[in-house]
Amino acid sequence: MRKIVLSLAVAAILGVGAPALAQTKGPNGGLISGEKGHAVELIPGATEITVYLLDDGKVEAPKGATVRAVIQDGSKNESVTLTVDGNKLVGKLSAPLNKGARVVISGKDGAGHTVQGRFVIP
């Protein structure tokens, strides 16, 4: 019994399953995560990830933003620098993301505000 309680406590601390529950759909059909006012929308593709910066639910121009993605997919870790492409940020992937991959987006928008989001690929 003690091992079960300890396992549940560790799972709660690590947030197992919590990121998936917090994700909602964004205006571009992607997953949303982040703090009120400054959220991040992630759209995973086969060869790249697309990120939209959202300010109060509306797409914010990413000009001047410095953002990167840290990806953990199974035992593989990858850091991807995102570059501005119109009203979005894009980053090339070395391989498609698998179900359950974890993606952390972090950086600053063009106004210097911190943006971050944590995702689990469905």
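For every chain, the first residue of its written sequence is number 1, and the numbers climb from 1 along that sequence. Residue-level local features of this predicted model are given only where pLDDT is at least 70; pairs of side-chain atoms are given and counted only at 80 or more, and the full residue set underlies all totals for whole chains, interfaces and linings. Values shown for side chains rest on all heavy atoms present in the structure; no hydrogens or waters enter the calculation.

> Honestly, the pattern of salt bridges in this entry has me stumped. Any pointers?
It is possible for side chains bearing opposite charge to pair when their charged atoms get close. The working definition used for a salt bridge is a side-chain nitrogen of Lys or Arg within 4 Å of a carboxyl oxygen of Asp or Glu. With the rule as written, the count across this model stands at two salt bridges. Residue K92 pairs with E48 through a salt bridge whose shortest N-O separation is 3.2 Å. Note that K92 is positioned in strand β8 (residues 88-92) and E48 in strand β4 (residues 48-55), a separation of 44 residues in sequence. Between buried and exposed lies partly exposed: a residue is buried under 20% and exposed over 50% of the maximum accessible area for its type, with that area taken using a 1.4 Å probe on protein chains only. Looking at E48, the relative accessible area reads 25%, which means it is partly exposed. Helix and strand assignments come from DSSP, with helices taken as H or I runs of at least 4 residues and strands as E runs of at least 2, each series counted from the N terminus.

> How should the nonpolar core be read in this particular structure?
Note on soluble globular proteins: their nonpolar side chains tend to be buried together. Counting residues in each nonpolar core, the largest one holds 21 residues, and the members touching the most others are I49, V51, L82, L97, V103 and I105. Contributing elements (two or more residues each) for this core: β3 (38-44), β4, β6 (66-73), β7 (76-85), β9 (102-108) and β10 (114-120). Working rule for contacts: check all heavy atoms of both residues, and any pair within 4.5 Å makes them a contact. Beyond its immediate stretch of four places on either side in the chain, L97 contacts P44, I49, I71, D73, V103 and I121. Residues enter a nonpolar core if they are buried and are Ala, Val, Leu, Ile, Met, Phe, Trp, Tyr or Cys, with the set joined through side-chain atoms within 4.5 Å.

> I'm lost on the pairing of β9 in this one. Help?
The two faces of a sheet get side chains in turn, since along a regular strand they alternate between them. A pair of strands is treated as paired once DSSP finds two or more bridges between them. Pairing of β6 with β9, which is carried by seven bridges, proceeds in the antiparallel orientation. Note on β9: the bridge partner recorded for I71 is V103. Across seven bridges, β9 lies against β10 in antiparallel orientation. Opposite G107, over in β10, you have V115 as the bridge partner. Linking two consecutive strands that pair antiparallel, namely β9 and β10, is a turn of five residues; a positive phi of about 90 degrees is found at G112 within it.

Treat this as a map of the structure, not an account of what it does.
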